[in-house]
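# Notes for the structure review
Residues per chain, in single letters:
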Amino acid sequence: MRRLPVYILIDCSESMAGEPIEGVQKGLAAMLNTLRRDPHALETVWISVITFDANAKQVVPLTEVSDFNIPTLSIKPGTSLGAALQLLAIRIKKDVQRTTADTKGDYRPIVFLLTDGQPTDNWEDAAAALKTVKPKLANIYAIGCGRDVDFNVLSEITDIAYHMKEVSGEMIAKFFVWLSASVQSMSQGAESPISLEKSPFANSGGFDLIDPYNLPIRSDVPLQVFLHSRCMNTKQFYMMRYVFIDEHKVYLAKSAHKLPDDFFSEGGDVPPAISSDLLYGGVPCPFCGNAGWGQCGNCGQISCNPDPLPPQIQCPTCLAILRDGGSGTFDVTRSSG
Ligand SMILES: [Zn+2]
Ligand SMILES: [Zn+2]
């Protein structure tokens, strides 16, 4: 039986925190439900999931639909797209049966790459290797999510890139409906490229096919800034997301997300610090509800602070006693996103 290998590459960097990653998690479950009810898909479709943050990992090996277990996705800093593409090429060469003189091998794999950031590693060589290898290893569909996507990067990987402009749980759910339908039609032997135009949400306005010769212009400033903070009461870590407000050229606090306890075990490259002048507003600590935050003058740790600030507080990391240092400008340590 010829198999249809499907590789799903998921960006698990900080920019996916919250609704996007929860949407992907639910979307995978919905997709599996659909495929398990389809006799063609049950017979031919094999799925693998590769996630990438500071590292790339094949979290689910190529598995048939009936045996597939949905992985639990979690957020880490970094967007190692290059490592993910390299891993993809290695896995395809190992996993997929090639057609020989006496046997018909598997169908050409389909790859869905879901990313919303800018890579933080060296991705160019891996992208070039994938795009130029003959015969083509896979049909790759890249889906750039949100405002921060660098389509120059995606167009180096594949000619078929889509833009999901607003990333909500609802849009991601629709994406997985389309993905399931596409995989279903390919499992019935349709070798033609997948067409978004036939998708149930083609005309919803939130999803565009990118013209590789007319790429959308990307801002030259990062559109989001991520700060790692620590709750001064529970000592747990969380991440604050600031988004760029074009009109005023500053970043406004948008959301806070709890981070897993092992979050700092694998770091990415750290971008330059950002001036506190550019950061406006705050979001409450997701652990204790403290409204403010501050940075320790001793070790640089950011932590939640009560508002108004008491005369002195203790840094949860280096345990230094900090007195209110006034409201001057200072450089804030960023995360790689
Ligand atoms: Zn707190
Ligand atoms: Zn400290």
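The structure we're discussing is the one just above.
On a predicted model such as this, the values are computed, not experimentally measured, just so you know. (Residues numbered from 1 in each chain as written. Chains lettered and ligands numbered in written order. Predicted model: local features only at pLDDT ≥ 70, side-chain atom pairs only at ≥ 80, totals over all residues. Heavy atoms only, no water.)

## Structural notes on the overall build of the chain
From N to C terminus, the chain includes six helices and 17 strands. Looking at the chain residue by residue over its 337 residues, the buried ones come to 51%. Partitioning the intrachain contacts of the chain with sequence separation of at least 6 by distance along the chain shows that 68% fall at a separation of at least 24. On the chain, roughly 16000 Å² of surface is accessible, and the fraction owed to carbon and sulfur atoms is 50%. (Helix = DSSP H or I, 4+ residues; strand = E, 2+ residues; numbered from the N terminus. Buried < 20%, exposed > 50% of the residue type's maximum accessible area, 1.4 Å probe, protein only. Contact = heavy atoms within 4.5 Å. Areas by Shrake-Rupley, 256 points an atom, 1.4 Å probe, with all protein chains shown as cover.)

## Concerning the coordination of the zinc ion (ligand 1)
At 2.3 to 2.4 Å from the zinc ion (ligand 1) lie its protein donor atoms, namely Cys231 (SG), Cys285 (SG), Cys288 (SG) and Cys304 (SG). Taken together, the four donor atoms coordinating the zinc ion (ligand 1) span angles of 104 to 114° at the metal, a pattern that classifies the geometry as tetrahedral. Each donor residue of the zinc ion (ligand 1) lies on the same chain, and together they follow the pattern C-x53-C-x2-C-x15-C. Remark: Cys304 occurs in strand β14 (residues 302-305) and Cys231 occurs in the loop between β8 (224-230) and β9 (237-245); sequence separation between them is 73 residues. (Donors = N, O, S within 2.8 Å, 3.2 Å for Na, K, Ca; no water. Tetrahedral: all angles 85-135°; square planar, octahedral: opposite > 155°, others 65-115°.)

## Comments concerning the packing of helix α3 (residues 81-95) against helix α4 (residues 124-132)
Taken N-terminus to C-terminus, the directions of α3 and α4 make an angle of 35°; their axes are 8 Å apart at the nearest point. Viewed along their axes, α3 and α4 form a crossing whose handedness is left-handed. Seen from α3, the contacting residues are Gly82, Leu85, Gln86, Leu88 and Ala89; seen from α4, they are Ala126, Ala127 and Leu130. For the contact of α3 with α4, the per-class residue count stands at six nonpolar, two polar and no charged. (Axes fitted to C-alpha atoms, helices over the stretch in contact; angles between N-to-C directions. Left-handed = near helix turned anticlockwise from the far one by under 90°. Nonpolar A, V, L, I, M, F, W, Y, C, P; charged D, E, K, R; others polar.)

## Digging into the nonpolar core
If you look at the biggest cluster of nonpolar residues, it comprises 43 residues, and the most contacted ones within it are Val6, Ile10, Val45, Ile47, Phe112, Ile143 and Phe175. Those elements that provide at least two residues to this core are β1 (4-11), α1 (19-36), β2 (45-52), β4 (110-115), β5 (139-145), β6 (161-164), α6 (169-187) and β9. Examining the composition of this core, we find that eight residues originate from one element, α6, more than from any other. Per-domain counts for this core show at least three residues from each of domain 1 (4-210) and domain 2 (224-332). If we skip the residues at most four places from it in the chain, Ile47 touches Val6, Ile8, Met31, Leu32, Leu35, Val60, Pro61, Leu62, Thr63, Val65 and Phe68. (Core = buried A, V, L, I, M, F, W, Y, C linked by side-chain atoms within 4.5 Å. Domains from an automatic or database assignment.)

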